[in-house]
Amino acid sequence: MITRYLLLLTLLSGWNTIIAQCLRDATLIDYQDNFIGSQVNLTELNWTGSVMDTICQPGTISSMAYERTLQRINYYRRLVGLPDSIRWDEVMSDKAQQAAVMMLANHDLSHDPPKTWKCWTQDGYDAARKSNLAFGTQSSESIRAYIQDNGSNNEAVGHRRWILYSRAKSFGMGSTKSTQALWVIGPKNPDPEVEFIAYPSQGFFPKPLVYNRWSFSKPNANFSQATIKMTDAFHQDIPLKILPVTNGYGDNTIVWEPEIPLDWQTGPYDEPITVTVSEVKIGGVLREFTYTVQLIPVLGSQRCRPGLKLDPDLCQCTTEQVTARPAWEQSIRVYPNPFGESITVSGIPEGTFVDVISQEGRLLLRRQLDGSRLDMRLLTNGIYFLRIYGEQATQVVKMLKTSGGR
């Protein structure tokens with residue numbers, strides 16, 4: 001373990017002189033050591049408190065749980081280019097422990113818990129008002145849940161924004177076996193020297209940490225008129241939905257939900273995605289930001305998707321070919337339908353891009369046709385839609401997969 005840390009520190013300290021492959025390797029080492037390595041099970045948590053009838057004992061948790069939770073917080077911050085120097089505040093942690101117990105006792109989460117709640121204390125109330133709150137997770141696993149920020153109530157990714165707040169200095173943490181309170185609104189550092197905070201961030205990014213909602217933060221920026229454009233390595237647009245802009249959580253932020261193909265997130269290839277955030281008003285001036293996220297699998301050697309090539313200097317999968325969407329000169333036919341293991345698409349030029357979309361609207365596959373046959377063995381039986389990109393229009397074909405198809 002010591003050798004791995006020394007390697008990581010050496011690679012990161014030589015940022016300006018080492019080859020990019022080392023940065024990719026360093027990203028994977030950091031992921032294994034400081035994300036996977038920061039997991040905490042219930043035995044390691046060692047919560048000594050209790051909530052039974054009239055008993056309200058906040059108890060304590062292990063020093064290991066504190067260390068690994070902080071390890072994960074600083075890992076996420078380092079991943080997006082922020083200072084990884086967050087420290088625990090003992091007073092805030094003591095109060096956050098009371099808040100976590102309060103949430104457990106009432107089987108609910110509230111930033112404004114009433115005095116009628118079981119195990120209510122003033123210190124616990126104060127912590128609840130300034131904390132990220134989690135139910136169903138504990139210690140470091142709650143940090144992953146905050147960064148992911150699932151659910152209709154979390155479209156502003158407020159939990160993520162507080163953890164990745166550019167000026168954050170110290171946090172407090174309390175945890176039980178299934179609740180956590182992370183005091184995040186506290187002392188502040190001066191503004192760091194970072195251009196912006198993106199999640200997922202530019203550069204190499206581990207695929208398991210790519211969540212449904214992407215975000216871009218910039219202190220004091222106005223995103224009310226901002227637009228987002230995402231393209232893959234073949235310069236094809238990635239469909240996305242921009243969520244309502246909401247301020248008041250850490251740095252000002254814009255959030256969107258892209259249609260990232262499922263096989264991009266789970267497959268063996270590096271997947272470069274370019275993001276452009278435009279019409280961002282800063283100090284009355286409109287600005288544009290462009291960056292590339294290279295999603296990388298955490299196992300196996302580096303591989304590029306067919307049609308891309310590996311740049312040995314940058315260690316990135318790229319293409320020099322800018323392909324225009326082809327026009328359709330004849331009617332399109334998709335057969336067989338219903339299908340089994342594959343389909344054939346006729347009437348479109350080779351190299352046309354197609355997407356396979358689930359009945360729920362989730363983008364599952366994106367392919368550039370090599371010939372006319374498309375392998376569909378990874379899909380389960382059900383209804384799907386094939387989206388075909390043309391120069392002037394996009395056509396969608398409804399398909400049915402059955403075990404009796406061919």
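Right above here is the structure, for reference.
Calculation notes
Each chain carries its own residue numbering, running from 1 in the direction its sequence is written. Only residues with pLDDT of at least 70 get local features here, since the model is predicted, and only at 80 or more are side-chain atom pairs given and counted; chain-wide, interface and lining totals rely on the full set of residues. In computing side-chain values, all of the structure's heavy atoms are included and hydrogens and water are not. Only DSSP runs of H or I with at least four residues qualify as helices, and only runs of E with at least two residues qualify as strands; both kinds are numbered from the N terminus onward. All accessible-area figures derive from a Shrake-Rupley calculation using a 1.4 Å probe, and residue coverage is judged against the displayed protein chains alone. The rule for pairing is simple: two strands pair if DSSP sees at least two bridges between them. Fitted lines through C-alpha atoms give the axes, limited to the stretch in contact for helices. The angle between two N-to-C directions lies from 0 to 180 degrees. Type-normalised accessible area, obtained with a 1.4 Å probe on protein chains alone, sets the label of each residue: buried when under 20%, exposed when over 50%, and partly exposed for intermediate values. In this description, one arc is meant: the one made by directions from the helix axis to the C-beta atoms. In what follows, residue pairs with any heavy atoms lying within 4.5 Å of each other are defined as contacts. Whenever a pair of cysteine sulfur atoms sits within 2.5 Å, that pair is classed as a disulfide. Here, expected helix span is obtained from the residue count minus one, scaled by 1.5 Å.

**Student:** I would appreciate a short explanation of the overall build of the protein chain in the present structure.
**Tutor:** In terms of helices and strands, the protein chain carries nine helices and 23 strands. Accessible area for the protein chain stands at about 19,300 Å²; split by element, carbon and sulfur atoms hold 50% of it.

**Student:** How do you make sense of the sheet that holds strand β17 (residues 333-335) when you look at a structure like this?
**Tutor:** Hydrogen bonding along the main chain pairs the strands of a sheet, whether they run parallel or antiparallel. In spatial order, the strands read β17-β18-β21; together these three strands make up an open sheet with antiparallel pairing. The two strands at the open ends of the sheet, each matched to only one other strand, are β17 and β21 (373-375). Across the sheet, the mean angle separating the axes of adjacent strands is 20° when strand polarity is ignored. Pairing geometry for β17 and strand β18 (residues 342-346), over three bridges, is antiparallel. Each residue of the ladder has a partner; that of Y335, found in β18, is T344.

**Student:** Even after reading the chapter, I still don't get helix α6 (residues 122-129), so can you show me in this structure?
**Tutor:** Side chains three or four residues apart in an α-helix point the same way, a direct result of the helix having 3.6 residues per turn. Along α6, the positions that sit buried rather than exposed are G124, Y125, A127 and A128. Burial along α6 is one-sided: seen end-on, the buried residues are contained in an arc of 165°. The inward-facing, buried residues of α6 contact α5 (90-106), β4 (131-135) and β6 (179-183).

**Student:** How do you make sense of the environment of G174 when you look at a structure like this?
**Tutor:** For G174, the position within the fold is in strand β5 (residues 170-175). Distance from G174 to G59, taken between C-alpha atoms, is 9.7 Å for residues 115 residues apart in sequence. When neighbours within four sequence positions are excluded, G174 is seen to be in contact with S93, A96, Q97, A100, T179, Q180 and A181.

**Student:** How do you make sense of the sheet that holds β6 when you look at a structure like this?
**Tutor:** Strand order in the open sheet formed by four strands is β3-β5-β6-β4, with mixed pairing between adjacent strands. Two strands lie at the open edges of the sheet, namely β3 (87-88) and β4, each paired on one side alone. Sheet topology note: the β5/β6 ladder contains four bridges and is antiparallel. Bridge pairing in β6 places M173 opposite L182. Contacting β3, β4, β5 and β6, α5 runs over the sheet at an angle of about 35° to β5.

**Student:** Teacher, can you tell me more about unusual backbone geometry here?
**Tutor:** What is expected of a backbone is that most residues other than glycine have negative phi and most peptide bonds are trans. In this structure, the amide linkage connecting Y199 to the following residue, P200, adopts the cis form with an omega of -5°. With respect to the element layout, P200 can be found in the loop between β7 (197-199) and β8 (203-206). Note that the residue after N337, namely P338, is joined by a cis bond; omega there is 15°. Its place among the elements puts P338 in the loop between β17 and β18. In this structure, H107 takes a positive phi of about 50° despite not being glycine. Inspection of the secondary structure assignment puts H107 in the loop between α5 and α6. Classification of H107 by relative accessible area gives exposed; the value is 62%. One non-glycine residue, C119, lies in the positive phi region at around 65°. Its place among the elements puts C119 in the loop between α5 and α6. Taking the relative accessible area as the measure of exposure, C119 reaches 13% and is therefore buried.

**Student:** Please explain the state of the cysteines as it appears in this structure.
**Tutor:** The bond known as a disulfide is covalent and runs between the sulfur atoms of two cysteines. Scanning the entire structure with this criterion turns up two disulfides. Between C304 and C317 runs a disulfide, and the two sulfur atoms are separated by 2.1 Å. Linking C304 and C317, the disulfide has an S-S dihedral of approximately -85° and is accordingly described as left-handed. Of the two residues, C304 is situated in the loop between β14 (285-296) and β15 (309-311) and C317 in strand β16 (residues 316-318); the sequence distance between them amounts to 13 residues. Relative accessible area serves as the criterion here: at 2%, C317 is assigned to the buried category.

**Student:** Help me understand helix α4 (residues 63-79) in this model?
**Tutor:** Over its 17 residues, α4 extends 24 Å from the first C-alpha to the last, a length consistent with the 24 Å expected when each residue adds 1.5 Å. Every buried residue of α4 is listed here: A65, Y66, T69, L70, R72, I73, N74, Y75, Y76, R77 and L79. In the segment just after α4, G81 is the residue with positive phi, at about 90°.

The analysis is restricted to geometry; functional conclusions fall outside its scope.
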